[in-house]
Amino acid sequence: MCGIAGELRFDGIAPVRETIERMSMRLARRGPDGAGYWQNGPVAFAHRRLAIIDLSERSHQPMVDAASGLALVFNGTIYNYPELRNELIGRGHSFFSDGDTEVILRAYAEWGEACVEHLHGMFAFAVWDGGKLFLARDRLGIKPLYFARTDRFFRFASTTQALLAAGGIDTTLDPVALHHQFMLHASVPAPFTVLKGIRKLEQGTTLSIDATGRMRERRYWTLSAQRPTVAKSEAEWTEAIHDALRQAVRKRIEIADVKVGVLLSGGLDSSLLVALLAEQGVH
């Protein structure tokens, strides 16, 4: 995992670097392999890196493309980035790195906000596009993305602790969130958090904010749950599930530039993952 954070000002005052650095420090445990900072006019980005794909400095973040004026901070992994990279090269894009970070940057340059519909993986990222800040979260909300907004600024981060470190947050308890927390499932659904001043971007959703503070959310994916049109036997369903799991594991081990490991809880799911890794020859 990595850690991302940033601020967009609405009041004509440039972001204070010390404020963004406080947010970054709270994210240090998420990214021990590097730290980066970038600022341009009303916006500032910070990044803490855990290097998994393209371990070189070429994939350092925040990643900035001077030609297009785009800047990016990204947390996650794009499993289909090799295929997307080849497609984007075919569309005339050139790359200076070998990782998935730049693929997101070029995908945004090619497809704009619709880039998320081409990404398969777990991700939370922010792109600065001139006068607009664009944030996105993966389809199932695997990677976290929290934000806080006032009349003066919009801030985002991978954790609530990072936002609190920046100050200026309404820490009043949210009664709606508490209601969810103390229900049977003991979880708080997006966009709520237990604090009124902090929200979380919903899964499968993008958020655009312009320099005046105008915000627009878009749901780009929802689960389509429906009965299959063709009946299968129990054995056929077992094989179909096994094949889907094999493909999922293969995607994750083929793109990593570091060794793959499993944190075992001793339960059915982790034991199943170890068995599937063994099938792929990972020992």
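Quick look at the structure, then. Note that the structure is predicted; figures quoted are calculated from it, not measured.

Next up on the list: the pairing of strand E2 (residues 34–40). Pairing between E2 and strand E3 (residues 43–49): seven bridges, direction antiparallel. Paired with Trp-38 across the bridge in E3 is Phe-45.

Once that is clear, we can look at the sheet that holds strand E8 (residues 146–149). Across the sheet, which stays open at both edges, the six strands sit in the order E2-E3-E1-E9-E8-E10 with antiparallel pairing between neighbours. Each edge of the open sheet carries a strand with a single partner, namely E2 and strand E10 (199–200). Inspection of the sheet shows strand E1 (residues 3–9) paired to strand E9 (residues 153–157) by five bridges, in the antiparallel sense. Across the sheet, residue Leu-8 finds its bridge partner in E9, namely Phe-154.

All right, on to the pattern of salt bridges then. Taken as a whole and assessed by the stated rule, the structure comprises 18 salt bridges. Notably, a salt bridge pairs Arg-218 with Glu-117, separated by 3.0 Å at the nearest N-O pair. A residue pair is termed long-range when its members are at least 10 positions apart, and Arg-218 in strand E12 (residues 215–219) and Glu-117 in the loop between helix H3 (100–111) and strand E6 (121–129) qualify at 101 residues. Judged by relative accessible area, which is 24%, Arg-218 ranks as partly exposed. Residues Arg-246 and Asp-243 are paired through a salt bridge, measuring 3.7 Å at the closest nitrogen-oxygen approach. On the criterion of helical spacing, the pair formed by Arg-246 and Asp-243 is a turn pair, its members being three residues apart in helix H6 (residues 234–255). Note on Arg-246: relative accessible area 18%, which makes it buried. Residue Asp-243 is classed as partly exposed on the basis of its relative accessible area of 32%. Linked by salt bridges that have partners in common, Glu-7, Arg-9, Asp-11 and Arg-155 make up one network.

Here we come to the packing of H6 against helix H7 (residues 268–279). Running from N to C, H6 and H7 cross one another at 75°; their axes reach a closest spacing of 10 Å. Here H6 is positioned roughly perpendicular relative to H7, judged by the angle of their axes. Touching His-242, Leu-245, Arg-246, Val-249 and Ile-253 of H6 are Leu-272, Leu-273, Leu-276, Leu-277 and Glu-279, all from H7. Of the residues in the contact of H6 with H7, the class split is seven nonpolar, one polar and two charged.

Another aspect to go through is a nonpolar patch on the surface. Taken together, the side chains of Trp-237, Ile-241, Leu-245 and Leu-272 present a nonpolar region at the surface, about 340 Å² in accessible area. For the nonpolar patch, the element with the highest residue contribution is H6, accounting for three residues. Looking at the element boundaries, Leu-245 is found in helix H6.

The rules we used
- Residues numbered from 1 in each chain as written.
- Predicted model: local features only at pLDDT ≥ 70, side-chain atom pairs only at ≥ 80, totals over all residues.
- Heavy atoms only, no water.
- Pairing = 2+ DSSP bridges.
- Helix = DSSP H or I, 4+ residues; strand = E, 2+ residues; numbered from the N terminus.
- Salt bridge = Lys/Arg side-chain N within 4 Å of Asp/Glu carboxyl O.
- Buried < 20%, exposed > 50% of the residue type's maximum accessible area, 1.4 Å probe, protein only.
- Axes fitted to C-alpha atoms, helices over the stretch in contact; angles between N-to-C directions.
- Parallel < 35°, antiparallel > 145°, perpendicular 65-115°, else oblique.
- Contact = heavy atoms within 4.5 Å.
- Nonpolar A, V, L, I, M, F, W, Y, C, P; charged D, E, K, R; others polar.
- Patch = residues over 30% accessible without salt bridge, like charges linked within 9 Å, V, L, I, M, F, W, Y side chains within 5 Å.
- Areas by Shrake-Rupley, 256 points an atom, 1.4 Å probe, with all protein chains shown as cover.

None of this, on its own, says anything about what the molecule does.
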